Amino acid sequence: ISEVEMVKADSDVSDRLTLESVRDSLIRQEGSIVFSLIERAKFPLNAPTYDPSYFSMPGSYGSLVELVVKQTEAVQAKAGRYENPEEHPFFPDDLPPSQVPPHKYPRVLNPAAVFVNVNKKIWDVYFNKLLPLFVAPGDDGNYASTAARDLECLQVLSRRIHYGKLVAEVKFRDEWKHYEPPIRARDKKTLMDLLTAPAVEKAVKKRVAKKASIFGQEVKVGDDSDENKGKYKVDPAVVSRFYGDWVIPLTKDVEVQYLLRRLD
Ligand SMILES: C=C(O[C@@H]1C=C(C(=O)O)C=C[C@H]1O)C(=O)O
């Protein structure tokens, strides 16, 4: 493929970038998030996964979940994962460089987008606010599998929340005349008001609750009893509240942070 075709393909991608296409992607990602939470909820809390004193090995990894996340990110960094502007590591310091030939990702975002990473906050919110609400208390010893499920949840949440960069980019392109003055004035409040769509947020919260109730219901064959009605693998109300309290606000935080750098 020639350089000219490459460039053309690139501009096609940014031409296709619309608020609708970005919102469609966010809707699809809801399914991945709900499924990942359901997978994690197959295990109880398994507190030793998060306890730095549970194990020790050379190098300072902290807890088992930190070991799994740091080492997995190191492997994935070598495989080129973080060259993709849609991927964000939880432990960006000391990551090894990519070992694979560079892929030419379409340049859609302002290059300053790389400085926006809210994964520290996502880590804190996931382990301290969300996890205790949707997993059963207890310990079944499956710590490695538990950490693997946590990593999956963290990665899909991070992807969704950092999609705020793309959301902000389309909103800026559609209405740059409105966005430019508050960006120059570093007026976060006005930016937040401009990018907020209350009706969309309300629909998102309703839809994720519905997805959690559909994807997480017990499916029985040959049993007409209502015994399992209303029993879900992950409580739809918890998912909806988590979206409203954290996922949406963090996405908007990413949007504002990105917009503040949009004219750099
Ligand atoms: C993502 C968007 O921006 C804001 C954040 C939303 C979200 O995180 O779901 C929804 C609506 C907006 O308030 C959007 O407009 O779609």
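Residues numbered from 1 in each chain as written. Predicted model: local features only at pLDDT ≥ 70, side-chain atom pairs only at ≥ 80, totals over all residues. Heavy atoms only, no water.

## Describing helix α10 (residues 236–260)
Then, in step 1: Taking 1.5 Å per residue as the helical rise, α10 with its 25 residues ought to reach 36 Å, and the 35 Å between its terminal C-alpha atoms agrees with that figure.
Then, in step 2: Maximal helix bending in α10 amounts to about 45°, located at Tyr243.
Then, in step 3: For α10, the side-chain oxygen to backbone nitrogen distance between the N-cap and Ala237 is 2.9 Å, and the N-cap itself is Asp235. (Helix = DSSP H or I, 4+ residues; strand = E, 2+ residues; numbered from the N terminus. Expected span 1.5 Å × (residues − 1). Bend = angle between axes of the 7 residues up to and from the residue. Polar contact = N/O pair within 3.5 Å; in protein donor to acceptor, adjacent residues only side chain to side chain.)

## Regarding the side chain of Asn110
Then, in step 1: Examined against the element boundaries, Asn110 turns out to sit in the loop between α3 (64–78) and α4 (119–134).
Then, in step 2: Judged by its relative accessible area of 12%, Asn110 falls in the buried class.
Then, in step 3: Within the local environment of Asn110, its side chain forms a polar contact with the backbone nitrogen of Ala112, the two atoms lying 2.7 Å apart.
Then, in step 4: If we ignore the near neighbours within four places in the chain, the residues touching Asn110 are Glu169, Tyr258, Arg261, Arg262, Leu263 and Asp264. (Buried < 20%, exposed > 50% of the residue type's maximum accessible area, 1.4 Å probe, protein only. Contact = heavy atoms within 4.5 Å.)

## A few points about the site of the ligand
Then, in step 1: For the ligand, the set of nearby residues contains 15 residues, the closest of which are Arg23, Arg160, Lys171, Ala197 and Glu201.
Then, in step 2: Take Lys171: an N or O atom from its side chain is 2.7 Å from an oxygen atom of the ligand.
Then, in step 3: Contact between the ligand and Glu255: an oxygen atom at 2.9 Å from a side-chain N or O atom of the residue.
Then, in step 4: Bound to the protein, the ligand loses 99% of the 360 Å² it would expose on its own.
Then, in step 5: Among the secondary structure elements, those contributing two or more residues to the shell around the ligand are α2 (19–40), α6 (164–174), α9 (198–215) and α10.
Then, in step 6: Ranked by residue count, the leading element in the shell around the ligand is α10, at four residues.
Then, in step 7: Classifying every residue of the shell around the ligand by side-chain character gives seven nonpolar, two polar and six charged. (Near = heavy atom within 4 Å. Areas by Shrake-Rupley, 256 points an atom, 1.4 Å probe, with all protein chains shown as cover. Nonpolar A, V, L, I, M, F, W, Y, C, P; charged D, E, K, R; others polar.)

## Describing the packing of aromatic side chains
Then, in step 1: Counted by the stated rule, this structure contains eight aromatic pairs.
Then, in step 2: Taking the centre distance of 5.2 Å and the plane angle of 80° together, the rings of Tyr54 and Tyr143 count as edge-to-face. Of this pair, Tyr54 sits in the loop between α2 and α3 while Tyr143 sits in helix α5 (residues 143–162), placing them 89 residues apart in sequence.
Then, in step 3: Among the residues examined, Tyr143 registers a relative accessible area of 12% and is labelled buried.
Then, in step 4: Judged by centre distance (4.9 Å) and plane angle (80°), the ring pair of Tyr126 and Phe127 falls under edge-to-face.
Then, in step 5: In this structure Phe127 comes out as buried when scored by relative accessible area, which is 13%.
Then, in step 6: Among the aromatic residues, those joined into a ring-pair cluster are Tyr50, Phe90, Phe91, Trp123, Tyr126 and Phe127. (Phe/Tyr/Trp six-rings, centres within 6.5 Å; stacked < 30°, edge-to-face > 60°.)

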